[in-house]
Amino acid sequence: MKIAIGNDHAGTFYKNTIVEYLKSENIEVINYGTNSEDSVDYPDFVHPVAADVESNSVNLGIIICGSGNGASMTANKHQGVRSALCWTKEITKLAREHNDANILSIPARFTSIQQALEMVKVFLNTEFEGGRHQTRVDKIACS
């Protein structure tokens with residue numbers, strides 16, 4: 001499995017912890033940074049993650065910013081990307097099962113690191129249910 005990850009300054013600690021976990025699970029990680037807590041613009045780090053998901057050069061993406069909103073909005077501008085802003089593992093599970101989310105957006109300022117790691121584990125280990133949900137997912141893209 002290959003995961004692209006990107007974050008702004010609010011998500012650096014979370015990103016580093018998540019990357020460490022992913023590598024311990026033998027998951028290949030493409031880190032688009034930032035690797036600093038100096039203020040940056042989240043789109044600069046989210047667009048590369050979304051582009052990798054859009055082109056299918058990675059299996060899934062993880063993005064992290066203070067609220068998770070800006071990162072998710074940015075990612076969802078890419079066709080074929082379904083970024084889900086999640087703050088519990090239950091919401092993460094439903095985002096994968098029902099919405100075939102392919103990017104997890106984590107709000108670093110509103111979740112604990114333990115919650116974030118639990119969400120990542122659920123995100124990676126939950127399959128899309130398809131069926132009636134596929135019909136809905138097919139209606140997401142604008143033509």
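Residues numbered from 1 in each chain as written. Predicted model: local features only at pLDDT ≥ 70, side-chain atom pairs only at ≥ 80, totals over all residues. Heavy atoms only, no water.

Let us now look at the side chain of Arg82. The residue Arg82 is located in the loop between α3 (69–75) and β4 (83–85) in this model. Side-chain polar atoms of Arg82 contact the backbone oxygen of Gly80, separated by 3.3 Å. A polar atom in the side chain of Arg82 sits 2.9 Å from the backbone oxygen of Asp100. Among residues more than four places away in sequence, those in contact with Arg82 are Asn76, Asn99, Asp100, Ala101, Asn102, Ile103, Val137 and Ile140. (Helix = DSSP H or I, 4+ residues; strand = E, 2+ residues; numbered from the N terminus. Polar contact = N/O pair within 3.5 Å; in protein donor to acceptor, adjacent residues only side chain to side chain. Contact = heavy atoms within 4.5 Å.)

Take the nonpolar core next. Within the largest apolar cluster, 25 residues are counted, with the highest numbers of intra-cluster contacts made by Ile18, Leu22, Ile62, Ile64, Ile106, Val120 and Leu124. Elements represented by at least two residues in this core include exactly β1 (2–7), α1 (12–24), β3 (60–65), β5 (103–107) and α5 (113–125). A total of six residues in this core trace back to one element, the largest contributor, which is α5. Ignoring any residue separated from it by four or fewer positions in sequence, one finds Ile106 in contact with Ile18, Ile62, Ile63, Ile64, Cys65, Gly68, Cys86, Thr111, Ala116, Met119 and Val120. Ala4, Val53, Val81 and Ile103 belong to the second-largest nonpolar core, a separate cluster that totals 12 residues. (Core = buried A, V, L, I, M, F, W, Y, C linked by side-chain atoms within 4.5 Å. Buried < 20%, exposed > 50% of the residue type's maximum accessible area, 1.4 Å probe, protein only.)

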